[in-house]
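Per-entry structural report
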Amino acid sequence: MNADAIKYRRILLKLSGEALMGQADYGIDPAVIQRMAKEIKEVSEAGVQVGLVIGGGNIFRGEGLAASGMDRVAADNMGMLATVMNALAMQDALEKVGIFARVMSALKINEVCEDYIRRRAIRHLEKGRVTLFAAGTGNPFFTTDSAAALRAIEINADLLLKGTKVDGVYDSDPEKNPDAKRFERLSYKEVINRNLRVMDTAAIALCRDYNVPLRIYDMTVPGNLRRIVEGQDIGTLVTRED
């Protein structure tokens, strides 16, 4: 990868926990996490500073547990711990391909990872370490989408990326509607008004208020991450109207 071709020097990549399952019904598919580690390695070695937020839906989803009757705060705490597990797994995968990585948790779990401190996180990024932000915001009732938007703002990311299993944002479910239309560009206002469920509303509002461009792309296609940091128009870009 040519370092001179890089458009975005610092990114925040959000991956859903479900995406790590691959074809499995639960947990982590080793092939998926290894492939993502190699893709992150490629852009990191080219000089891109990478922050990473991973959801926990492949292990526990707080909102789903709460819907089944569990106390919402307890359920969300379990979900946050699930994101720590995923972050540690990704750290291991990154280190196995030769990339330095640090896990920083919004919850205090000093024996397994660092506490999240903004200045220290930025220092890790400046030193070329992939920095994984675990445990969401550290608070119940906030999703990892909101955590990704928050961390992107805090580290001054040039771009927030959300890796999914579809190639962008559609006006309806493309799996159910073969005539669904894919958007190449959207404004934050359109996403909220159309209720497109790109990310939760709080995350979109944060991106809007702090002018963080958001790109939704298909993480299952090899090489997409590299193409995006080189400036190629992959997936759907969400920005301000102006």
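Structure's up top.
For the structure given in this document, a descriptive report is provided here. Along each chain, the written sequence defines residue order, and numbers are assigned to residues from 1. Confidence filtering applies because this is a predicted model: local features only for residues at pLDDT of at least 70, side-chain atom pairs given and counted only at 80 or more, and all residues used for totals across whole chains, interfaces and linings. Side-chain numbers here rest on the full set of heavy atoms in the structure, without hydrogens or water.

When its secondary structure is counted, the protein chain shows 8 helices and 11 strands. As a reference, a globule follows 2.2 Å times the number of residues to the power 0.38, and the radius of gyration itself is taken over C-alpha atoms. Its C-alpha radius of gyration of 17 Å places the protein chain within 12% of the 18 Å reference for a compact globule of 242 residues. Counting only C-alpha atoms, the protein chain reaches 50 × 50 × 35 Å along its principal axes. Here the protein chain holds 242 residues, and the buried ones make up 51% of them. Only DSSP runs of H or I reaching four residues or more are called helices, and only runs of E reaching two or more are called strands; each is numbered from the N terminus. When accessible area is computed with a 1.4 Å probe and restricted to protein chains, residues below 20% of their type maximum are described as buried, those above 50% as exposed, and intermediate ones as partly exposed.

Okay, the pairing of strand β10 (residues 214–218) next. Within β10, 5 of the 5 residues are buried, which leaves it mostly tucked inside the rest of the structure. Side-chain alternation along β10 places Leu214, Ile216 and Asp218 on one buried face and Arg215 and Tyr217 on a second face that is also buried. DSSP-based pairing: two strands are paired if at least 2 bridges between them are found. By the bridge criterion, 5 bridges tie strand β6 (residues 159–164) to β10 in an arrangement that is parallel. Note on β10: the bridge partner recorded for Lys162 is Ile216. Of the strand pairs in this sheet, β10 and strand β11 (residues 236–239) are connected by 3 bridges, and their pairing is antiparallel. For Arg215, the partnering residue across the bridge sits in β11 and is Leu237.

A word on the side chain of Thr144. Take Thr144: it is sitting in helix α5 (residues 144–154). By relative accessible area, which is 18% here, Thr144 ends up buried. Setting aside residues no more than four positions away along its own chain, Thr144 makes contact with Lys14, Val53, Ile54, Gly55, Thr83 and Gly136. When checking whether two residues touch, look at their non-hydrogen atoms; a contact exists if any pair is within 4.5 Å.

Counting buried residues along strand β3 (residues 101–105), 4 of its 5 residues qualify, which places the element largely inside the surrounding structure. Judged from the 5 bridges that link them, β3 and strand β5 (residues 130–134) form a sheet pairing that is parallel. Each bridged residue has a counterpart across the sheet, and for Arg102 the counterpart in β5 is Thr131.

The next thing to look at is the environment of Lys162. As for its placement among the helices and strands, Lys162 is situated in strand β6. For Lys162, a relative accessible area of 12% gives the class buried. Taking the C-alpha atoms as reference points, Lys162 and Met219, separated by 57 residues in sequence, lie 8.5 Å from one another. Once you skip the residues sitting within four places of it in the chain, Lys162 turns out to touch Lys14, Asp145, Val198, Met199, Leu214, Arg215, Ile216 and Tyr217. A polar contact is formed between the side chain of Lys162 and the side chain of Asp145, at a distance of 3.3 Å. Polar contact is defined as a pair of N or O atoms within 3.5 Å, subject to the rule that within protein one atom must be able to donate a hydrogen and the other to accept it, and that residues adjacent in sequence are counted only when both atoms are side-chain atoms.

Let us look at the nonpolar core. Grouped together as the largest cluster of nonpolar side chains are 42 residues, with contacts concentrated most on Ile11, Leu13, Met90, Leu94, Leu132 and Tyr217. Breaking this core down by element, the ones donating at least two residues are β1 (10–15), α1 (30–45), β2 (49–54), α3 (72–96), β3, β5, β6 and α8 (224–229). Excluding residues that lie within four positions of it along the chain, Leu132 makes contacts with Leu52, Ile54, Ala87, Met90, Gln91, Leu94, Ala101, Arg102, Val103 and Met104. What is meant by a nonpolar core is a set of buried Ala, Val, Leu, Ile, Met, Phe, Trp, Tyr and Cys residues, joined one to another through side-chain atoms within 4.5 Å.

Spatially, β4-β3-β5-β2-β1-β6-β10-β11-β9 is the arrangement adopted by the 9 strands of the open sheet, whose pairing is mixed. Edge positions in the open sheet fall to β4 (114–115) and β9 (185–187), since each of these has one partner strand only. Geometry is summarised by axes, namely lines fitted to C-alpha atoms with helices restricted to the contacting stretch, and by angles between N-to-C directions that run from 0 to 180 degrees. Relative to the sheet, α5 contacts β1, β2, β5 and β6, its axis offset from that of β1 by approximately 175°.

Of note in the backbone geometry, Phe141 takes a positive phi value of approximately 75° without being a glycine. Within the element layout of this structure, Phe141 appears in the loop between β5 and α5. Not every positive phi belongs to a glycine, and Arg197 is a case in point at roughly 60°. Within the element layout of this structure, Arg197 appears in the loop between α6 (188–193) and α7 (201–209). A relative accessible area of 67% means that Arg197 is categorised as exposed.

Its 16 residues give α1 an end-to-end C-alpha distance of 22 Å, which sits within 8% of 22 Å, the value for a rise of 1.5 Å per residue. For α1, the complete set of buried residues consists of Val32, Ile33, Met36, Ala37, Glu39, Ile40, Val43 and Ser44. Each buried residue of α1 sits inside an arc of 165° when the element is viewed along its axis, so together they form one side. Residues of α1 that are exposed and point over 90 degrees away from its buried face: Lys38 and Glu45. Buried residues along α1 sit against β1, β2, α3, β5, β10 and α8. Capping the start of α1, Asp29 holds a side-chain oxygen 2.9 Å from the backbone nitrogen of Ala31, two or three residues further along. The span one expects for a helix is its residue count, reduced by one, times 1.5 Å. The directions considered for the arc run from the helix axis to the C-beta atoms.

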